[in-house]
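# Inside the fold
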Amino acid sequence: MSAARSWSRPEQPLRSRVAFAAAHVVAEPMGDNRPGAPAVVDWEHTLGFRHHLWSYGLGVAEAMDTAQRGMGLDWAATQELVRRSAAEARSVGGRIAAGVGTDHLDGSGHSLDDVAAAYETQLTMVQETGAQAIIMASRQLAAVAERPDDYRYVYDRLLPQADAPVILHWLGPMFDPALQGYWGSDDVTAATKHVVELIRDHADRIDGIKVSLLDADHERTLRVQLPDGVRLYTGDDFNYPELIRGDGSRASDALLGIFAAIAPAASTALQALDAGDLETYDDVLAPTVPLARHVFSEPTFHYKAGIAFISWLSGLQPGFVMVGGMQSARSLPHLVRTFELADAAGLFPDPPLAAHRMSTLLALYGIG
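Sequence positions are assigned chain by chain, starting from 1 and proceeding in written order. The predicted nature of this model means local features are confined to residues of pLDDT at least 70 and side-chain atom pairs, given and counted, to a pLDDT of 80 or more, with totals for whole chains, interfaces and linings taken over all residues. Side-chain descriptors were evaluated using all non-hydrogen atoms of the structure, hydrogens and water having been removed beforehand.

With that settled, consider the packing of helix α13 (residues 304–313) against helix α14 (residues 332–344). At a closest axis distance of 11 Å, the pairing of α13 and α14 adopts a crossing angle of 55°. By the criterion of interaxial angle, the relationship of α13 to α14 is oblique. The handedness of the crossing between α13 and α14 is right-handed. Here F309, I310 and L313 of α13 lie close against α14, whose contacting residues are L335, T338 and F339. Think of it as three bins: nonpolar holds Ala, Val, Leu, Ile, Met, Phe, Trp, Tyr, Cys and Pro, charged holds Asp, Glu, Lys and Arg, and polar takes everything else, Gly as well. When the residues that make up the contact of α13 with α14 are grouped by side-chain class, the tally is five nonpolar, one polar and no charged. Throughout, an axis means a line fitted to C-alpha atoms (over the contacting stretch in the case of helices), and angles, computed between N-to-C directions, take values from 0 to 180 degrees. Strands here mean DSSP runs of E at least two residues long; helices mean DSSP runs of H or I at least four residues long; both are numbered from the N terminus. For classification, angles of less than 35 degrees are called roughly parallel, those exceeding 145 degrees roughly antiparallel, those between 65 and 115 degrees roughly perpendicular, and all remaining angles oblique. Each crossing is labelled by how the near helix is turned from the far one, with a counterclockwise turn of less than a right angle marking it left-handed and a clockwise turn marking it right-handed. In what follows, residue pairs with any heavy atoms lying within 4.5 Å of each other are defined as contacts.

Structure representation (structure tokens):
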């Protein structure tokens, strides 16, 4: 095992970039978290994990796909999660943004008006908590929209109702196959044109756009097309160090699932960036990239198991259980490699505990 590293917590807010970690939910180990059952959440450790992220100066992106929206986390649990987390954020002055979607719609056969109304319901709920709204990409909209104008109809209706600038959300099909062709085209260049037009027409209502396409060149191209004052929040869990570092003229901010797993390292690197110490920034994040690429390897949408697994190994939650039973989504060899790469990056605060828990998991599989 590698020795535990001494990571630094910031003494003042991070300045050079806005950085959100998309947080997972901790399932109750003795809860009936089987596929199709309502989520049974361990609220103590779920909220404790968010305090862990805030202590390192990171914002919390709440109720996103990392929290298993559409993969085990039902609407009732989502509402409780956002309300509880927003209250905790106020208690410590932590930054929080929360996902606004349409995932409470049942069945199929919905109209564009149905989708818009579903967005409005969730936007009202999030705004009532005081959290910043993240307008998530909608499976239901992707299913019913037939052309770019259908997306514009829904977003043109929704965005004027925001009481503060929102973050748009572009999640690629590697994260959710149901989002293929979002913004009205399977061609990324054409889709980019449509979303840039939307942003320019509503720039006063948009803080930024979170892009998760795992394509650094596309992100750099999109970055220069955005209006002044509109951020590009990278969701690229493969290429985040270079995109956040920037090219000398433009840089990405961050809204990343991997930041939940590497929060101490991410914070330390961003503090170095604030100080203009690019060498330390690079040195700290470089060992985390192999881990991130492995955790987010295909099928990418099962990356959430890796986030929960690292949290368990790090002593931040009592069990390796996920809502919907999704801890079974990754194989034992995949988890073993996750353990090795997290250790190599010095991420475990208590290496003997991590080793013990890894040994326990191996024994469960009959490996002693």
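That covers the picture; the talk isn't over yet.
What follows deals with the sheet that holds strand β7 (residues 231–234). In this scheme, strands are said to pair when DSSP sees at least two bridges between them. Taken in spatial order, the eight strands of this closed barrel run β1-β2-β3-β4-β5-β6-β7-β8, and their pairing is parallel. Each strand axis lies, on average, 25° off the axis of its neighbour in the sheet, ignoring direction. Of the pairings in the sheet, the one linking strand β4 (residues 132–135) to strand β5 (residues 166–171) comprises two bridges and is parallel in character. When the sheet's bridge partners are listed, I134 is paired in β5 with I167.

With respect to the helices and strands, L273 occurs in helix α10 (residues 263–274). For each residue, the accessible area found with a 1.4 Å probe, counting protein chains only, is set against the maximum for its type, and the residue is called buried under 20%, exposed over 50%, and partly exposed in between. Judged by relative accessible area, which is 10%, L273 ranks as buried. Sequence separation between L273 and G319 is 46 residues, and the spatial gap between their C-alpha atoms is 35 Å.

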